[in-house]
Amino acid sequence: MSKSKMSNWSLGLAAAAVALTLSANAFAFDAAALKSAPKVQGVGMNITDAAIKPWNISYFYDGTNLPDGKGTVSAGEKIYQEQCAMCHGDFGEGAHGYPKMVGDPVDQFEASAKAGVDAVSNRGLNNNWGNAPTLMDMIHRHMPFYAPGTLTTDEAYSVTCYVMNLASIPGVGDDFVCDKTSLPKIKMPGEPLYVTNSGPDTANQRCMKDCYKGTPFVVEKAASIGNVSVGKVKAKDTQ
Amino acid sequence: MSENMINTVPEGTKKTGEASSDRRKFLRKSVALAAGGAAIAATSAANAGDGLKTWTTPLKNEPTRHMLGRGVVSVPYGLPSKYESGVVRRNVGWLTADTIASISFTPWQDLHGIITPNGLHFERYHAGAVDVDPSKHHLVVHGMVKQPMIFTVDDLKRLPSHTAIHFLECPANGAMEWRGVQMDSLQFTHGMMSCSEWTGVKLTTLMEMVGVDPKATWFYGEGTDGSALQRSVPMEGAVDQHGRPIPAEYTSHYRDAMVCYAQNGEALRPENGYPIRLFIPGFEANISTKYLRRLMFVDKPLVTYQETKHYIEVLPNGMVRQYDLVNEANSVINYPCPDFKLNGKGTYEIRGIAWSGYGKIAHVDVSVDGGKNWKQANLVEPVLNKCVTKFTLPFEWDGEEALIMSRATDETGYVQPTLKQLREVRGFNSIYHKNSIQVWKIEKTGEVKNVQIENV
């Protein structure tokens with residue numbers, strides 16, 4: 001690891017070491033994977049971290065790499081009205097089919113999922129977003145949709161602050177200031193719901209004969225849901 | 001009835017060519033008298049011309065017989081016949097607010113092999129397709145490495161190359177069918193998947209060049225388009241943001257990853273990430289960042305927008321599952337399918353495609369009676385790792401209603417689930433990874449419909 005590299009990473013590594021209690025070995029990727037990799041010389045260039053910096057724009061869930069600068073809810077409100085509301089709605093309710101900022105309260109979201117009724121259409125920052133720093137990341141890199149990457153750092157902090165305020169994220173009151181130390185401390189309401197995949201979750205068997213008794217209950221298209229015509233291709237006669 | 005044919009006629013009641021002629025009866029008798037070994041030849045003799053209408057009008061020449069055609073390079077980059085103009089990518093207007101953050105579908109109903117022609121590869125954008133100038137484009141590899149490096153596209157082409165045929169599938173393939181039957185076309189039920197020969201540099205070659213720190217457990221790629229899309233990719237030892245391990249099934253896929261510059265032998269198409277893209281065989285396509293400009297090796301996931309909001313499953317216990325990375329075994333019959341109508345009873349060849357993000361396809365079984373009885377289909381070579389495999393099975397249709405379906409098993413023994421099994425674990429709020437057995441219903445009219453079997 002180069003010297004300048006260390007400074008970039010020392011913070012993140014220290015944080016990970018504290019947060020996780022697994023043995024050191026568990027962190028290693030299998031270097032054997034590289035055994036068969038060809039040895040190459042004279043291709044490409046070395047590059048300094050300073051040269052990479054303008055591209056090094058990923059803000060981690062825990063706040064690693066968040067930029068200097070700050071933003072306020074009130075400054076964010078103005079930016080939101082001018083550059084965001086036309087797609088995400090004046091109150092974050094979504095407009096013209098673009099995503100909502102504000103969804104069902106998290107307990108209602110959870111209850112809908114448990115009841116097997118539609119929970120996904122009413123997702124928002126208040127029920128299905130894990131960490132405030134990655135909200136800042138998303139907005140700074142990808143929004144406003146028609147001019148991605150054009151917000152200044154302070155503008156991005158401000159509008160991030162405003163949409164969290166709009167979605168009633170606990171702790172983000174009207175006077176809240178968003179910066180690289182305040183964002184990682186925010187507890188997003190949906191965060192406790194995240195679980196990690198644990199591999200295949202179905203176990204079908206390869207039955208070949210008399211696999212079930214009775215008749216299959218066959219459901220054809222419900223009239224109430226969308227229909228699409230594929231024009232000429234549909235129902236082309238076989239030759 | 002031939003051993004490897006599947007039919008909708010109960011064994012024992014079937015009489016080949018029921019509208020039989022005297023000639024036919026005669027042949028049957030002689031077969032009965034002949035030695036057993038002659039049965040196959042006799043069957044085909046008995047079938048010759050049997051029960052078919054007769055063409056009597058003298059044949060005419062087609063107009064092309066008496067004219068000159070186009071000269072070479074009249075079409076410098078060749079295009080399909082004008083009669084194939086219906087074979088195109090399509091989108092579904094109501095799925096997304098606009099076409100810039102949207103998806104289009106590959107018309108598998110019109111494809112006959114395992115390769116998707118480049119112009120028909122499905123598209124998925126988060127900020128539209130861009131035209132990146134390859135002479136100005138660079139790839140940076142940095143993070144937990146001995147030496148950060150930067151490469152031009154020509155540098156990457158100079159490095160040892162790797163070529164392999166793999167499918168690439170958006171995990172939303174089939175998403176519209178979770179809650180009920182919706183799309184009456186194979187293009188829309190399974191078209192968010194394409195299969196190509198990919199060429200590029202293996203990720204491990206680049207990892208060796210920059211000297212990745214063995215403590216790195218994740219890396220991510222980032223694109224140079226408006227979404228600057230980024231996704232975290234686990235390596236051995238990866239744990240999530242809560243310290244929970246990523247399953248071992250997912251931590252070695254990166255070994256086959258490549259930075260691609262070619263697709264089916266020619267440069268990537270702008271729609272698919274020109275001039276370079278990341279490609280991780282077997283994983284959901286969103287992770288294979290297009291317009292790739294940066295790879296960073298790290299020791300934790302980013303938990304990006306894509307990982308927190310988009311590519312997650314809302315489970316029936318109210319939890320939200322992350323890092324569902326592999327597209328598990330899937331298959332579908334692409335002939336017959338709702339995009340065709342059967343032209344009378346008799347023999348057809350059931351054909352389909354199967355694929356798995358865990359490895360090779362081991363078997364595909366086909367049922368024509370709603371999943372009560374199955375027959376193993378023939379796999380058409382090549383059968384490759386994380387690649388579309390074509391299967392076929394002769395089918396004799398008796399003109400009655402039939403429920404046809406295919407079920408893939410991959411080399412790990414994973415068997416494609418039924419929709420019921422999938423709904424039992426994922427509920428009705430899922431969007432992604434719907435790889436359940438697809439049922440088509442053949443109507444008496446020969447029309448084919450998309451249906452679901454709910455109880456088995």
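Residues numbered from 1 in each chain as written. Chains lettered and ligands numbered in written order. Predicted model: local features only at pLDDT ≥ 70, side-chain atom pairs only at ≥ 80, totals over all residues. Heavy atoms only, no water.

Asker: An account of the overall build of chain B is needed here, citing residue identities and associated values.
Answerer: Each helix and strand in chain B was counted, giving seven helices and 23 strands. Each principal axis of the C-alpha distribution contributes one length, and for chain B these read about 85 × 65 × 45 Å. Relative to its 456 residues, chain B shows a buried fraction of 61%. Restricting to contacts in chain B with at least 6 residues of sequence separation, those with at least 24 account for 71%. Summed over its atoms, the accessible surface of chain B is roughly 17600 Å², and 55% of this surface lies on carbon and sulfur atoms. The distance from the centre of the 49 positive side-chain charges to the centre of the 49 negative ones in chain B is 4 Å. (Helix = DSSP H or I, 4+ residues; strand = E, 2+ residues; numbered from the N terminus. Buried < 20%, exposed > 50% of the residue type's maximum accessible area, 1.4 Å probe, protein only. Contact = heavy atoms within 4.5 Å. Areas by Shrake-Rupley, 256 points an atom, 1.4 Å probe, with all protein chains shown as cover. Lys, Arg positive; Asp, Glu negative; His and termini not counted. Charge placed at Lys NZ, Arg CZ, Asp CG, Glu CD.)

Asker: Explain helix H6 (residues 132-142) of chain A residue by residue, including any values.
Answerer: Of all eleven residues that make up H6 of chain A, eleven are buried, and the element is covered over most of its length. Taken together, the buried positions of H6 of chain A are occupied by Ala132, Pro133, Thr134, Leu135, Met136, Asp137, Met138, Ile139, His140, Arg141 and His142 of chain A. In this fold, the buried residues of H6 of chain A make contact with helix H7 (153-166) of chain A together with strand E6 (218-223), strand E7 (230-234) and helix H6 (305-310) of chain B.

Asker: Quick rundown of the domain arrangement of chain B? Include the residues and the values.
Answerer: A common way to report how large an interface is uses the accessible area buried once the components associate. Residues and elements named next belong to chain B. What the domain assignment lists for chain B is domain 1 (97-312) and domain 2 (330-451). Averaged C-alpha coordinates put domain 1 and domain 2 at centres separated by 27 Å. With 40 residues of domain 1 in contact, the opposing surface of domain 2 contributes 38 residues. Between domain 1 and domain 2 the total buried area reaches about 3200 Å² when both faces are included, carbon and sulfur atoms providing 59% of it. (Domains from an automatic or database assignment. Buried area = accessible area lost by both parts, 1.4 Å probe.)

Asker: For the pattern of salt bridges, give the residues involved together with the corresponding values.
Answerer: In the structure shown here, the tally under the stated rule is 33 salt bridges over all chains. For the salt bridge of Arg206 of chain A with Asp365 of chain B, the shortest nitrogen-to-oxygen distance reads 2.7 Å. Residue Arg206 of chain A is located in the loop between strand E4 (194-196) and strand E5 (218-219), and its partner Asp365 of chain B is located in strand E17 (residues 361-367); the two belong to separate chains. For Arg206 of chain A, a relative accessible area of 31% corresponds to the partly exposed category. Between Lys449 of chain B and Glu443 of chain B there is a salt bridge, with its nearest N and O atoms 3.1 Å apart. In the salt-bridge network here, residues are joined through shared partners; they are Asp137 and Arg141 of chain A together with Glu222, Arg293 and Arg294 of chain B. (Salt bridge = Lys/Arg side-chain N within 4 Å of Asp/Glu carboxyl O.)

Asker: How would you summarise the interface of chain A and chain B if you had to cite specific residues and measurements?
Answerer: Facing the 103 residues of chain A at the interface are 138 residues of chain B. Summed over both partners, the interface of chain A with chain B buries about 10500 Å², with 57% contributed by carbon and sulfur atoms. Connecting chain A to chain B are nine salt bridges. Salt-bridge contacts for Lys441 of chain B lead to Glu220 of chain A; the nearest nitrogen and oxygen are separated by 2.7 Å. At the boundary of chain A with chain B, the tally comes to 54 residue pairs in polar contact (both at pLDDT 80 or more). Elements with a contribution of two residues or more to the side of chain A that touches chain B: helix H1 (3-19), strand E1 (45-46), helix H2 (49-52), helix H5 (106-115), H6, E4, E5 and strand E6 (236-237) of chain A. Of the residues in the side of chain A that touches chain B, the class split is 52 nonpolar, 30 polar and 21 charged. (Polar contact = N/O pair within 3.5 Å; in protein donor to acceptor, adjacent residues only side chain to side chain. Nonpolar A, V, L, I, M, F, W, Y, C, P; charged D, E, K, R; others polar.)

Asker: Provide a residue-level description of the sheet that holds strand E2 (residues 138-143) of chain B, including the pertinent values.
Answerer: Think of a sheet as strands paired side by side through backbone hydrogen bonds, with each pair either parallel or antiparallel. The six strands lie next to each other as E1(A)-E3(B)-E2(B)-E11(B)-E6(B)-E7(B), forming an open sheet whose pairing is mixed. The sheet is open, and its two borders are formed by E1 of chain A together with E7 of chain B, each paired with just one other strand. Bridging between E1 of chain A and strand E3 (residues 149-152) of chain B involves two bridges; their strand directions are antiparallel. Note that in E3 of chain B the partner of Met45 of chain A across the bridge is Ile150 of chain B. (Pairing = 2+ DSSP bridges.)

Asker: Give me the lowdown on the state of the cysteines, citing residues and values where you can.
Answerer: Residue and element names in this part refer to chain A. Taken as a whole, this structure holds two disulfides over all chains when the rule is applied. Shown here is the disulfide that connects Cys161 with Cys178, its sulfur atoms set 2.3 Å apart. Its S-S torsion of about 95° marks the bond between Cys161 and Cys178 as right-handed, since a negative value means left-handed. Taken together, the positions of Cys161 in helix H7 and Cys178 in strand E3 (residues 177-178) put the pair 17 residues apart, joining distant regions of the chain. Comparing Cys161 with Cys178, the two get one shared label, buried. Disulfide pairing is shown between Cys207 and Cys211; the S-S distance is 2.1 Å. Note on the Cys207 and Cys211 pair: the S-S dihedral is about -100°, so by sign convention the disulfide is left-handed. With relative accessibility at 26%, the residue Cys207 sits in the partly exposed group. You can call Cys211 partly exposed: its relative accessible area is 26%. For chain A, numbering the cysteines in disulfides from first to last along the sequence yields the connectivity 1-2, 3-4. (Disulfide = S-S within 2.5 Å.)

Asker: Please give an account of the sheet that holds strand E21 (residues 402-410) of chain B that cites residues and values.
Answerer: Strand order in the open sheet formed by six strands is E5(A)-E23(B)-E22(B)-E21(B)-E17(B)-E18(B), and the pairing between neighbours is antiparallel. Edge positions in the sheet fall to E5 of chain A together with strand E18 (375-376) of chain B, since each of these pairs with one other strand and no more. Relative to E18 of chain B, E17 of chain B is paired through two bridges, and the arrangement is antiparallel. Looking at E18 of chain B, one finds that Val366 of chain B is bridged to Lys375 of chain B.

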